Structures are given as structure tokens and as C-alpha cells.
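The chain contents come next:
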Amino acid sequence: MADERNKNKNRLVDDAGIRLAPTPIRNSDYHVLPSIRQEFVLEPSLQIDEPKDELSHEVSTADDFQPKVKDKSKKWKRQKRGKNIVFGAIMLVFSVIVVLPYILAVAGQNVNLPIKYVPQELNAIGNLIEAFKASAGYGWQGAELKTIWLQTVPSLVLVFGLVFLLFNVIKSFAALLGAVRPVKYATNAVIYLVCVLTVFVFYLIGVNMFAIEQINIMDDFLLAYSTSELFALVVLAVANLIVSALCTLLNKDKLGYIR
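Residues numbered from 1 in each chain as written. Predicted model: local features only at pLDDT ≥ 70, side-chain atom pairs only at ≥ 80, totals over all residues. Heavy atoms only, no water.

A. The arrangement of a positive patch on the surface in detail. Among the surface-exposed residues, Lys74, Lys75, Lys77, Arg78 and Arg81 lie close enough to one another that they form a single positively charged patch. Relative to the assigned elements, Arg78 resides in helix H2 (residues 74-107). (Patch = residues over 30% accessible without salt bridge, like charges linked within 9 Å, V, L, I, M, F, W, Y side chains within 5 Å. Areas by Shrake-Rupley, 256 points an atom, 1.4 Å probe, with all protein chains shown as cover. Salt bridge = Lys/Arg side-chain N within 4 Å of Asp/Glu carboxyl O. Lys, Arg positive; Asp, Glu negative; His and termini not counted. Charge placed at Lys NZ, Arg CZ, Asp CG, Glu CD. Helix = DSSP H or I, 4+ residues; strand = E, 2+ residues; numbered from the N terminus.)

See below:
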């Protein structure tokens, strides 16, 4: 009896489920929307805002890059050697032009130029030679030695500057021999110019202990430029500095990329 009752319950549930289920829709009743396709072009970009307090700089190029030692090619070394040879030759010629007057003065030679190219009173090397001879004559004793060497102070200052010009001459020879690293000349030229200007100040103020009489910058320096030894020394020293600075800056070795 119990089995029959369970069968009757299952049959009723099945009949009810069949009755309550929705009627399937026919395929012909479906309405499908047409497909829509829209293409988007993606272009990636990167934008970095510069800080407001930083000034804008020029754009770097491939010429601003200097390779490391291991990346240096033979072509790069040839270019560097060529630059050093050109600027070294220019610097050698100009250094000789500045040093030559002192050598000609010792040799007693003169050159006819619009300026007093060969000094007489400011014959630095010759004055030092005469000071050594006079000191040896006094046996390096006596009060005269002080006077002799005080009068030689301007020549000592100029000779000190000439030593640095000789350094530039040595550097020029090194550049002519094919140095790869850029050769710098400006520092030595600045020291020589400072020495010349120091002597120039001695003459402007007049220093009795050095046996230097005060000069007038207009009458004895500018207007008398053709006979003024100081004018020639100052002009040559300034020109030497300009040439040295150009040879140094134009042959400067850039490191990495320069902004």
C-alpha cells in the first residue's frame, strides 16, 4: 500500500511540473540585432612635464656623446689627434711669438714693428743674468745685494710668467706628437697675463724701491704705444690668453650627453 501511495505522489508531481512549464518559443520568433563593429586606433605617447624652476636646454644630438675608453674607435682617435695637432700648432706659434722678444733682447737683436716688440728696460732674462753677475762680483755680500735684487723684482715676476708659457710650449709639442686627450692651455696663459699686469701696476703707481718711475697711462702707455714696452707686453699677453682660451674651448672633451 505504501509503495502505491508513493507512486501516485510522484505521478502527480510530474504531471504538475509538465503543466506549469512554459511553452518553448519557436526559432522563427527570435529577433537578432545586427552586429556593430567600431575600430579605435591606439597611439601610445609619453609626456613628462618639466619642473617649473628648471630652465629649458637645447636638445642633445649624437655629436654630444663621447664614448667610454673601451668604446673608442680608431676613427674617433684620429679625429682627436687631428684636433690636437691643429690647435697645438696654433698654440706653439703664438707661444713662440710671446717668448721670442725676451730671447731677442738677451741676444741684443731688434725687430722693426709698429710696437716695441723687443724690450730693453723689461728685458727680464737679461736683467736676471746681470743681477747674478753683479751679485757674484760683490761676493754675494754687502748692502748692494738688496738694492740689486729689489730692482730685479719686475724681471722676476715676468720670468715666473714665462715659465708657464714654456709649459704651453711643451704641451704644444705633446699635441703635435698625436695626443688623444685634449690639451689645455688657458690656465698657463692666465698666469702669464697676471704677471704682466702686476708689472703694469708697478709702473702705474710707481715703486721707488724697485727703481720704477710712475707713468701716465694716457701719455706714456696709450699715446706712446709704438715705443712703450709695457704696451707691447700687455697686448701680447692678452692676445695669448684669447688664443689659448679658444684652443682650449674648441678642443674640449665632452662627457656623455650634454643637455
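B. Region of the structure containing the side chain of Ser228. Along the chain, the position of Ser228 falls in the loop between helix H7 (217-222) and helix H8 (229-249). Its relative accessible area of 8% is what places Ser228 among the buried residues. Reaching out from Ser228, the side chain makes a polar contact with the backbone nitrogen of Leu230 at a distance of 3.5 Å. What Ser228 contacts, discounting residues up to four positions off in sequence, is Lys116, Asp220 and Phe221. (Buried < 20%, exposed > 50% of the residue type's maximum accessible area, 1.4 Å probe, protein only. Polar contact = N/O pair within 3.5 Å; in protein donor to acceptor, adjacent residues only side chain to side chain. Contact = heavy atoms within 4.5 Å.)

C. Just the packing of helix H5 (residues 153-176) against helix H6 (residues 186-205), in detail. It is at 8 Å that the axes of H5 and H6 come closest, and there the two elements cross at 165°. Comparing the axis directions of H5 and H6 gives the class roughly antiparallel. Note that H5 runs across H6; the crossing there is left-handed. Mapping the contact onto sequence places Val153, Pro154, Val157, Leu158, Phe160, Gly161, Leu162, Phe164, Leu165, Phe167, Asn168 and Lys171 in H5 and Asn188, Ala189, Ile191, Tyr192, Cys195, Val196, Thr198, Val199 and Phe202 in H6. Along the lines of polarity and charge, the residues of the contact of H5 with H6 split into 16 nonpolar, four polar and one charged. (Axes fitted to C-alpha atoms, helices over the stretch in contact; angles between N-to-C directions. Parallel < 35°, antiparallel > 145°, perpendicular 65-115°, else oblique. Left-handed = near helix turned anticlockwise from the far one by under 90°. Nonpolar A, V, L, I, M, F, W, Y, C, P; charged D, E, K, R; others polar.)

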